[in-house]
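A look at the structure
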Amino acid sequence: MMLGPMKKKMITVGVVSFVIPCLIFGVIFAMYSSSKNEKIAELDEKVAEDVRLGFSGDLPINHIIRESDLMELQVKDISIPKNAYTVGRKSEVVGQKLKLPVFAKTMVVDTMFYNSGDDVTNDLRVRELNMIALPSDLKQGDYIDIRVLFPTGEDFLVAVAKEIIQLGQSADSNSIFIELTEEEQEKLNGAIIESYMYDSIKIYAVKYVNEKEQLFKEEAVDYVEIYEKAVERLISGDYEIAYAEELAKTEPLKNSSGEILYNASGEVMYPEIKVEPKKAEDYTAEEIALAAGMKVEDVEAIRDALGKEPQDELLLSHYRLQTIYVSKLLKPNYPVRKEVAAVLKNNPNILDEIKSKYNVEDLEQQRANLVNTSVFKYDESTGLYEEDTTVLGNIASNLEDEIELQKEERKQYLQNLIRNNMVN
């Protein structure tokens, strides 16, 4: 059956009316699907997780990392810093020293540790000490201050916030291993010399109750604001310099008689000087970092985040909500007397020399060991072995006499040495 022109036209219009909406719907659906897929991919990226190395507990500054201090953390990819340690790098972390306190379940990053470029560690040395009165409950990892108490009641700080790296090998040992700077070594040596020379001077250790809270306090800082103010200072400073240079080249305004003109405040008037101020991008990251007291990599990250369109608010919020730790450390205030300092300077190995001459600490350790020692004798009348306290009493008495004799000889030796140094 043949269709008339009118019917053909109506069918054509109907087909077109159906096809065009379908095409439009298809395009819109394709755009929606693409947008949805992008958002899904973005969400997947945000929720994707990986494993990184973290701390198993709160740790104080200067703590030397042990394997038990570390754990595996399941963290979102988006929150992993570039310098975070993977689990496979655990061996690189063990033995390193913290340069700031850390909290449990914090990711391990390399900026948390001292490195060879940090001057603060250059003069640190591990030293074994066995002449200090120690708290009875002291254990490895505790923090102590070392103090010296004089018979006059004066009580001075010799060294502060020292971690007990290791205790003596035996339970009865009075030895500890700590790190000391060169200055702390000199102060401690001075205190030891004085304690040998004069009676009733006591060198002792006091333990921190909670070193993380006692040694440092937390402060919130906005590194974005610090960055922006540093840039403002650089721009302002350079503008003032450039303006002054242009001003020096410019002749002051004069009247028709050739006289210099002054304003109402009595200042010399000049023609308008135009100086184009610099912009943030005119400065290197190193220049801004120096002005802001920040790390170059942090400056670069903030500058990139601010320069994006739109700005990277996630990264900027990270830098706006930083926590720093401000030291609350006390300052050692023990003054090494001039005559003692002179002896130490002229005889750098004086303490080793004294230890080889007088074994007071060894004798005192032997006396302490008698507490856990027993001597038995055979009683023929009962056929049993009974404890003989007389023998131990005699040994203790002989040790006490020898200790006092050596202390006196040591005192006389040092006092004569100081007198000779003063004469010379």
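Before going into details, it helps to say that this report is about the structure given with it.

1. Things to note about the nonpolar core
If you look at the biggest cluster of nonpolar residues, it comprises 40 residues, and the most contacted ones within it are I146, V148, L188, I193, I203 and I350. In contact with I203, not counting residues within four places along its chain, are M131, I132, A133, I146, R147, V148, L188, A191, I192 and S195. Listed in part, the 18 residues of the second largest apolar core include L73, V75, M107 and V108.

2. Here we look at the packing of aromatic side chains
One pass over the full model with this rule turns up 5 aromatic pairs. Aromatic side chains F150 and F156 sit 6.0 Å apart centroid to centroid with 80° between the ring planes, which places their arrangement in the edge-to-face category. Judged by relative accessible area, which is 16%, F156 ranks as buried. Between Y358 and Y413, the aromatic rings sit 6.4 Å apart at their centres with planes inclined by 55°, giving tilted as the arrangement. A residue pair is termed long-range when its members are at least 10 positions apart, and Y358 in the loop between α10 (350–357) and α11 (360–369) and Y413 in helix α12 (residues 389–423) qualify at 55 residues. Joined through ring pairs, the aromatic side chains of F150, F156 and Y334 make up one cluster. Of note, R89 hangs over the ring of Y85, and the distance from its end group to the ring centre comes to 4.0 Å.

3. A word on the environment of N333
By the element assignment, N333 lies in the loop between β10 (322–327) and α9 (338–346). Spatially, the C-alpha atom of N333 lies 8.8 Å from that of A159, the residues being 174 residues apart in sequence. Sequence-distant contacts of N333, defined by excluding residues within four places in its chain, comprise F156 and L157. At 2.7 Å, the side chain of N333 and the backbone nitrogen of L157 are in polar contact.

4. Regarding the pattern of salt bridges
Applying the stated rule across the entire model yields 20 salt bridges. Residue K229 pairs with E225 through a salt bridge whose shortest N-O separation is 3.1 Å. Highlighted residues: K229 and E225, both in helix α5 (residues 223–249), separated by 4 residues, approximately one helical turn. When its relative accessible area of 35% is taken as the criterion, E225 is described as partly exposed. The closest approach of N and O atoms between E361 and R410, which form a salt bridge, is 3.7 Å. Of this pair, E361 sits in helix α11 while R410 is found in helix α12, placing the two residues 49 residues apart along the sequence. For E361, a relative accessible area of 13% gives the class buried.

5. Quick word on helix α6 (residues 285–292)
The complete set of buried residues in α6 reads A285, I288, A289 and A292. The arc that holds the buried residues of α6, viewed along the axis, is 100°, so those residues lie on one side. Of the surrounding elements, those touching the buried residues of α6 are α5 and α7 (296–307). Of the residues trailing α6, G293 is marked for its positive phi of about 70°.

6. Here's the deal with a negative patch on the surface
Taken together, the side chains of D110, E286, E287, E297, E300 and D304 make up a negatively charged region of the molecular surface. Listing elements by their share of the negative patch, those giving two or more residues are α6 and α7. Among the elements that take part in the negative patch, α7 stands out by supplying 3 residues, more than any other.

7. Section: the packing of α6 against α7
Between α6 and α7, the shortest axis-to-axis distance is 8 Å and the interhelical angle comes to 110°. In terms of axis orientation, α6 runs roughly perpendicular to α7. Together, A285, E286, I288 and A289 of α6 and V296, V299, E300 and R303 of α7 make up the contact between the two elements.

8. Side note on the sheet that holds strand β5 (residues 155–163)
Ordered in space as β5-β4-β8, the 3 strands form an open sheet in which the pairing is antiparallel. A single partner strand is all that each edge strand has here, and the edge strands are β5 and β8 (202–207). Shown here is a sheet whose adjacent strand axes are inclined to one another by a mean of 20°, direction ignored. Strand direction decides the pairing type here: strand β4 (residues 143–149) and β8, joined by 6 bridges, are antiparallel. Residue pairing across strands places R147 opposite Y204, the latter belonging to β8. Against the sheet, helix α3 (residues 182–197) touches β4, β5 and β8, its axis set at about 130° to β5.

9. Examining α5
Between its first and last C-alpha atoms α5 spans 39 Å; for 27 residues at 1.5 Å apiece the expected length is 39 Å, and the two agree. Listed in full, the buried residues belonging to α5 are V224, Y227, A230, V231 and L234. Those residues of α5 hidden inside the fold are in contact with α6, α7 and α8 (313–320). At the N-terminal end of α5, a side-chain oxygen is found 3.0 Å from the backbone nitrogen of V224, two or three residues along, and the residue is D222.

The rules behind each value
- Residues numbered from 1 in each chain as written.
- Predicted model: local features only at pLDDT ≥ 70, side-chain atom pairs only at ≥ 80, totals over all residues.
- Heavy atoms only, no water.
- Core = buried A, V, L, I, M, F, W, Y, C linked by side-chain atoms within 4.5 Å.
- Buried < 20%, exposed > 50% of the residue type's maximum accessible area, 1.4 Å probe, protein only.
- Contact = heavy atoms within 4.5 Å.
- Phe/Tyr/Trp six-rings, centres within 6.5 Å; stacked < 30°, edge-to-face > 60°.
- Helix = DSSP H or I, 4+ residues; strand = E, 2+ residues; numbered from the N terminus.
- Lys NZ or Arg CZ within 6 Å of the ring centre and 35° of its normal.
- Polar contact = N/O pair within 3.5 Å; in protein donor to acceptor, adjacent residues only side chain to side chain.
- Salt bridge = Lys/Arg side-chain N within 4 Å of Asp/Glu carboxyl O.
- Arc of directions from axis to C-beta.
- Patch = residues over 30% accessible without salt bridge, like charges linked within 9 Å, V, L, I, M, F, W, Y side chains within 5 Å.
- Areas by Shrake-Rupley, 256 points an atom, 1.4 Å probe, with all protein chains shown as cover.
- Lys, Arg positive; Asp, Glu negative; His and termini not counted.
- Charge placed at Lys NZ, Arg CZ, Asp CG, Glu CD.
- Axes fitted to C-alpha atoms, helices over the stretch in contact; angles between N-to-C directions.
- Parallel < 35°, antiparallel > 145°, perpendicular 65-115°, else oblique.
- Pairing = 2+ DSSP bridges.
- Expected span 1.5 Å × (residues − 1).

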